[in-house]
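Chain and residue survey
Each chain, written out:
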Amino acid sequence: MTDDVKTRRGYHAPQRTEQAAATRRAVLDAARELFTTRGYAATTVAQLAERAGVAVDTLYAAVGRKPAILRELVETAISGTDDAVPAGQRDYVRAMLAAPTAVAKIDIYASALAAMGPRTAPIFHALRDAAVRDTACAELHAEITGRRAANMRRFAADLRAAGGVRADLTDDDVADIVWAMNSTDYYRLLVHDRGWTPERFGVHLADAWCRMLLA
């Protein structure tokens, strides 16, 4: 292989990677807008492709079919990045684990939820509606719900280890209370329906959890 060919290939590989990433972002941006305004069921793949400015085949190659696109929207909304990030690798989770007291852990988590709410609430609302009619979306909804519950069980154990959790509450009790109140349904009730700011919502969560869960 000549040096000229190597140079051309070295140049085009990063360019192709950047183009693929840009196409993926365009598809996800289009899906985020259409799924949260028109609804998942009412949005066709052709409409997604048109809004993203790509061909349908390109859309499939970039992200996948509609359930795969919705999964990507859910994962990126949770992570706040262009890619899914496992719970243990998220910055706020690391900060929570390093925090020395239960109060500090609760404060960090409540603040993180307040920051996540504006991007997660619309997507989770779309997912819940999609799960009613679409089997793949129902499976995704159940998976995310179960994952949240498992993460809250670990959070409860971490609070217990830090000290201060009420003796009359089991870790399952703590996990269930946090799981219910950190849901996007609860966020939508207070922020969307009652006009709270996300910041006020975060302060409320921290205050309520400290009062309810700690001795």
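Overview of the structure. (Residues numbered from 1 in each chain as written. Predicted model: local features only at pLDDT ≥ 70, side-chain atom pairs only at ≥ 80, totals over all residues. Heavy atoms only, no water.)

**Examining the environment of Gly202**
Residue placement: Gly202 occurs in helix α10 (residues 198-213). Linking Gly202 and Ile78, residues 124 residues apart in sequence, is a C-alpha distance of 16 Å. (Helix = DSSP H or I, 4+ residues; strand = E, 2+ residues; numbered from the N terminus.)

**Re the packing of helix α9 (residues 184-193) against α10**
Across the interface, α9 lies against α10 with an axial gap of 10 Å and an inter-helix angle of 125 degrees. Between α9 and α10, the interaxial angle falls into the category oblique. By crossing handedness, the relation of α9 to α10 is classed as right-handed. Within the contact between the two elements, α9 uses Tyr186, Tyr187, Leu190 and Val191 and α10 uses Pro198, Phe201, His204 and Leu205. Of the residues in the contact of α9 with α10, the class split is seven nonpolar, one polar and no charged. (Axes fitted to C-alpha atoms, helices over the stretch in contact; angles between N-to-C directions. Parallel < 35°, antiparallel > 145°, perpendicular 65-115°, else oblique. Left-handed = near helix turned anticlockwise from the far one by under 90°. Contact = heavy atoms within 4.5 Å. Nonpolar A, V, L, I, M, F, W, Y, C, P; charged D, E, K, R; others polar.)

**Structural notes on the packing of aromatic side chains**
Tallied over the full model, the rule gives six aromatic pairs. Judged by centre distance (5.1 Å) and plane angle (55 degrees), the ring pair of Tyr109 and Phe155 falls under tilted. Taken together, the positions of Tyr109 in helix α6 (residues 102-133) and Phe155 in helix α7 (residues 135-162) put the pair 46 residues apart, joining distant regions of the chain. Classification of Phe155 by relative accessible area gives buried; the value is 5%. Every member of this aromatic cluster is reached through a ring pair, and the members are Tyr92, Tyr109, Phe155 and Trp209. Positioned above the aromatic ring of Tyr60 is the side chain of Arg65, whose terminal nitrogen or guanidinium carbon lies 4.4 Å from the ring centre. (Phe/Tyr/Trp six-rings, centres within 6.5 Å; stacked < 30°, edge-to-face > 60°. Buried < 20%, exposed > 50% of the residue type's maximum accessible area, 1.4 Å probe, protein only. Lys NZ or Arg CZ within 6 Å of the ring centre and 35° of its normal.)

**Focus: the side chain of Ser183**
Relative to the helices and strands, Ser183 resides in the loop between α8 (171-181) and α9. Taking relative accessible area as the criterion, Ser183 reaches 14% and is therefore assigned buried.

**Describing α6**
Over its 32 residues, α6 extends only 41 Å from the first C-alpha to the last, a length that falls short of the 46 Å expected when each residue adds 1.5 Å. If you look at α6, its biggest bend is around 60 degrees, right at Gly117, and the proline Pro118 turns up within four residues after that. (Expected span 1.5 Å × (residues − 1). Bend = angle between axes of the 7 residues up to and from the residue.)

**Some remarks on the side chain of Lys66**
For Lys66, the position within the fold is in helix α4 (residues 66-79). Once residues lying within four places of it in the same chain are set aside, the contact partners of Lys66 are Phe35, Tyr40, Ala41, Thr43, Val45 and Leu48.

**Focus: the pattern of salt bridges**
Counted according to the given criterion, the structure contains 13 salt bridges. In this structure, Asp172 and Arg153 form a salt bridge, with 2.9 Å as the shortest nitrogen-oxygen distance. A residue pair is termed long-range when its members are at least 10 positions apart, and Asp172 in helix α8 and Arg153 in helix α7 qualify at 19 residues. With a relative accessible area of 44%, Asp172 lands in the partly exposed category. Residue classification places Arg153 among the partly exposed positions, given a relative accessible area of 35%. The residue Arg211 makes a salt bridge to Asp207 at a minimum N-O spacing of 2.9 Å. With Arg211 and Asp207 both in helix α10 and four residues apart, this pair spans about one turn of that helix. Overall, the relative accessible area of 64% leaves Arg211 in the exposed class. (Salt bridge = Lys/Arg side-chain N within 4 Å of Asp/Glu carboxyl O.)

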